[in-house]
Amino acid sequence: MDAPSAGNTFEYLIETLDDSSHKKFFNVPKLGGTKYDVLPYSIRVLLEAAVRNCDGFLMTKEKVMNILDWKTKQSNVEVPFFPARVLLQDFPAMVDFAAMREAVKTLGGDPKKVHPACPTDLTVDHSLQIDFNKCAIQNAPNPGGGDLQKAGKLSPLKAQPRKLPCRGQTACRGSCDSGELSRNSGKFSSQIENTPILCPFHLQPVPEPETVLKNQEVEFGRNRERLQFFKWSSRVFKNVAVIPPGTGMAHQVNLEYLSRVVFEEKNLLFPDSVVGTDSHITMVNGLGILGWGVGGIETEAVMLGLPVFLTLPEVVGCELTGSSNPFVTSIDVVLGITKHLRQVGVAGKFVEFFGSGVSQLSIVDRTTIANMCPEYGAILSFFPVDNVTLKHLEHTGFDKAKLKSMETYLKAVKLFRNDQNNSGEPEYSQVIQINLNSIVPSVSGPKRPQDRVAVTDMKNDFQACLNEKVGFKGFQIAAEKQSDTVSLHYEGSEYKLSHGSVVIAAVISCTNNCNPSVMLAAGLLAKKAVEAGLHVKPYIRTSLSPGSGMVTHYLSSSGVLPYLSKLGFEVVGYGCSTCVGNTAPLSEAVLNAVKQGDLVTCGVLSGNKNFEGRLCDCVRANYLASPPLVVAYAIAGTVNIDFQTEPLGTDSTGKNIYLHDIWPSREEVHQIEEELVILSMFKALKEKIEMGNKRWNSLEAPDSVLFPWDLKSTYIRCPSFFDKLTKEPVAPQPIENAHVLLYLGDSVTTDHISPAGSIARSSAAAKYLTNRGLTPREFNSYGARRGNDAVMTRGTFANIKLFNKFIGKPAPKTIHFPSGQTLDVFEAAELYQKEGIPLIILAGKKYGSGNSRDWAAKGPYLLGVKAVLAESYEKIHKDHLIGIGIAPLQFLPGENADSLGLSGRETFSLKPILSPEIMINTSTGKVFSVIASFENDVEITLYKHGGLLNFVARKFS
């Protein structure tokens, strides 16, 4: 927001910083005295933003005082929050902005007025797919999405043979005589602009791996239309900066480049804060920056100068004590804390860390912990700025003068935590204690991130999962089939697959890759494994997708990258990949073997999501693990192993090699971390982002006020949200004789509602693309086609793991009751809409859990869903439903569809939703009450307007 005007209620609190900078700031502690001193640090940030933006309208003095009175007002009042900036992950919000310009013009307004009012950064990180890995160039996909290649604008890639080992390559000025562990030929050096790889033997620059080159070439070709739209957006919209593809993940770029810690605007200092379209925005809370994911719809409101509204949260104080043992990595700490906080119950709350254990955690440890907070349900997990934070900023090249002003400012407003004196800790809603000594190495799975398993218990736990009935922890494999094996013939050799066999192993660009210690540990483990003669079976789909070029920098300069490559962990590119289902298909030989034996095969990844079917349809068990454990399980080839008693393999002499033989010590890792994660690396990354790359810089794009929509495009369409928009809102109408589109159970995730991975060939979206002349190779992913509402609507509820009680088994199907047909969900909804029949969804607990995805609300809306009736909701998803105009209805406590005797086959009628409690009448004569789950007047106003987009468009008109 801009610096305060003369009308700000609290202008009298503005003071000049007592240092050479003479910056202005709001001295908020003077407002509350001792009442301020006991506030949690995260609430102090909310209070400062409220004071600074108090205009008497959106932010009133009463709301400011409610935040100050947090101790008595928590959970009882709603408050607005104006974040300092917005982070967009890919482009749906900007498509909505472009469409809003069209709508404003149609209503007689000036489309040039439609601009983000808040600084907005857009990262392009969901277009990468792993088409190539291990330097073995597969049959190259068509990069052009169909029309561009056919028009002669792009040439298809040709399959390339595996490169010979590097010996004396021209790009390295040293004498590379280490044979098979050196890099690829230098012929590609002019084609890539990423941060240079260093020859591990002479620390001289050499080209990027061939896999990165090939994947990026395909990425730019396949996504040309989207990238042109991004560039148009950066030209015509003020306050929008685009971080081009090939740079890194949204939350890692946010951490390494975009974060300020303290914002400065018009000589006014204030705390940095951010909201964005990804639930893992929370990573920056580890740096002392308040931030969380709110999804596309609320983010668009912030971009337009409106606040985020939230119930003043409870703050759970998490006291960390003790120190972790040498074999525990950051992800172990993360999974331990995740499980503990889930058991405690922190959904919808802030978590704030304090205690002696906090000072022992590095910033990268803290950001890894903060990044996982959506998995235990908290809004955010906050680590206040302290001396560790300042040392990190200094280490990464932060301007020293600004750093000094930052420290002076944070101490002046009491936002700096003194890690030497814990006597003045804030008061919290609840305090829990976690002793870091109690945390042991662990993984999480096989289907949910919160199901933590100690590595020492892994074999027994997996065998128990085989026995358990089908559920979150079970596969129900008959006892006589649990020892079955299937022969696999691959590349001239024969292997055996069994239950527990690893077929995907991915060190990917999420959660852990921000942490040098775990990435270096993976590299060192790989080095020791190769030196011991261990290897990874070639049929396992391995990949290494760093979060940014900085990670590649320290892996290569430390000399471990070629050892990772030797085991198959080749750098494939920078961006979301395996974690969102963007991995290349498994080989036909593996797929056939899995199907033949009905095997429970496994994926192991160092990410944050492992829902069933997310990595690959045929991989039923997926485990989250630290990067070194991903490498270890890949070497073992199975998760059905006890690392304490069973060897990973044997060396050339036949000696057994155990995990403890090759596990790197904490001292080894920290020594390399200190030597290599240096100032120059962060500077190089910043220069790379600011300079862009040749492909992006040379990309042509229009600069017209309105975007020139291409009616033939299968990537970008003007969405239909505004098709029926009127100048004034229409009063809410009753929902009469609505049919149930889907009858769902508990824990339906946004993955079930709106998949982000590959587009199945038999899906409604595939049929749409095929009818427009595209082949399956050109389908790309749902994530890449989020700018096309026709594709995304057809992809809604298209997850093959969706369990609809009408069908009785996992399938993206439902029943069209007027005709009795079993159809794809989209086809059934299309028939209902043609018949003028409104739709509702019945669901159980935690509807909409998982990643925040605006299309998980937009899709059902475009299918004709008027309301969802569930036992409970994930808050972000409930906000999305309201923001798009779908009523979130909730069963009364203790009631659900079963207890009320509902079959879902009846029709439902209810009056206009204008009161907290709604009566529902069914065609079978049942009458029952439900709760209209609106938390405040703003949400009711948005619902009356038909959603946030309509509300804002009317404001511009």
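Everything discussed here concerns the structure shown above.
Residues numbered from 1 in each chain as written. Predicted model: local features only at pLDDT ≥ 70, side-chain atom pairs only at ≥ 80, totals over all residues. Heavy atoms only, no water.

## A short note on the side chain of Arg44
Turning to step 1, where the next piece is worked out: Tracing the backbone shows Arg44 in helix α3 (residues 41–52).
Turning to step 2, where the next piece is worked out: Within the buried set, Arg44 has no salt-bridge partner at all; the shortest N-O distance to an opposite charge, 5.8 Å, is to Asp37.
Turning to step 3, where the next piece is worked out: Beyond its immediate chain neighbours, meaning those up to four positions away, Arg44 contacts Tyr36, Asp37, Val38, Leu39, Lys414, Leu415 and Pro426. (Helix = DSSP H or I, 4+ residues; strand = E, 2+ residues; numbered from the N terminus. Buried < 20%, exposed > 50% of the residue type's maximum accessible area, 1.4 Å probe, protein only. Lys, Arg positive; Asp, Glu negative; His and termini not counted. Salt bridge = Lys/Arg side-chain N within 4 Å of Asp/Glu carboxyl O. Contact = heavy atoms within 4.5 Å.)

## Quick notes on the nonpolar core
Turning to step 1, where the next piece is worked out: By size, the foremost hydrophobic cluster in this structure holds 189 residues, and its most contacted members are Trp292, Phe350, Phe797, Tyr847, Leu889 and Ile913.
Turning to step 2, where the next piece is worked out: Considering every element that reaches this core, the biggest residue donor is helix α6 (residues 92–106), with nine residues.
Turning to step 3, where the next piece is worked out: Core analysis: the next-biggest nonpolar cluster, separate from the first, contains 79 residues, Leu466, Leu497, Leu544 and Leu567 among them. (Core = buried A, V, L, I, M, F, W, Y, C linked by side-chain atoms within 4.5 Å.)

## Examining the sheet that holds strand β4 (residues 85–89)
Turning to step 1, where the next piece is worked out: Read across the sheet, five strands follow the order β8-β5-β4-β11-β12 without closing on themselves; strand pairing throughout is parallel. Sheet topology places β8 (240–243) and β12 (290–293) at the edges, where each strand pairs with a single neighbour. Taken pair by pair, the neighbouring strands of this sheet meet at an average axis angle of 20 degrees, ignoring direction.
Turning to step 2, where the next piece is worked out: Here β4 runs beside strand β11 (residues 273–276); their pairing, made up of three bridges, is parallel. (Pairing = 2+ DSSP bridges. Axes fitted to C-alpha atoms, helices over the stretch in contact; angles between N-to-C directions.)

## What about the sheet that holds strand β14 (residues 315–321)?
Turning to step 1, where the next piece is worked out: Strand order in the open sheet formed by four strands is β16-β15-β14-β17, with parallel pairing between adjacent strands. Edge positions in the sheet fall to β16 (380–382) and β17 (430–435), since each has one partner strand and no second. Strand-to-strand twist of the sheet, defined as the mean angle between neighbouring strand axes without regard to direction, takes the value 25 degrees.
Turning to step 2, where the next piece is worked out: Pairing geometry for strand β15 (residues 350–354) and β16, over three bridges, is parallel. Bridge pairing links Phe350 to Leu380 in β16.
Turning to step 3, where the next piece is worked out: Contacting β14, β15 and β16, α3 crosses the sheet at an angle of about 125 degrees to β15.

## Brief notes about helix α17 (residues 516–531)
Turning to step 1, where the next piece is worked out: Under the 1.5 Å per step criterion, the end-to-end length of α17 is 22 Å for 16 residues, consistent within 8% with the ideal 22 Å.
Turning to step 2, where the next piece is worked out: For α17, a buried count of 13 out of 16 residues is recorded, marking the element as mostly surrounded by other parts of the structure.
Turning to step 3, where the next piece is worked out: Just downstream of α17 lies Gly533, where phi reads positive at about 85 degrees. (Expected span 1.5 Å × (residues − 1).)

## Quick word on the packing of aromatic side chains
Turning to step 1, where the next piece is worked out: With the rule as written, the count across this model stands at 20 aromatic pairs.
Turning to step 2, where the next piece is worked out: Measuring from ring centre to ring centre gives 5.4 Å for Phe81 and Trp292, while their planes differ by 20 degrees; the resulting arrangement is stacked. In this pair, Phe81 sits in strand β3 (residues 78–81) while Trp292 sits in strand β12, placing the two residues 211 residues apart along the sequence. Trp292 shares its class with Phe81; the two are buried.
Turning to step 3, where the next piece is worked out: Just above the ring of Phe472 sits the side chain of Arg448; from NZ or CZ to the centre is 4.0 Å. (Phe/Tyr/Trp six-rings, centres within 6.5 Å; stacked < 30°, edge-to-face > 60°. Lys NZ or Arg CZ within 6 Å of the ring centre and 35° of its normal.)

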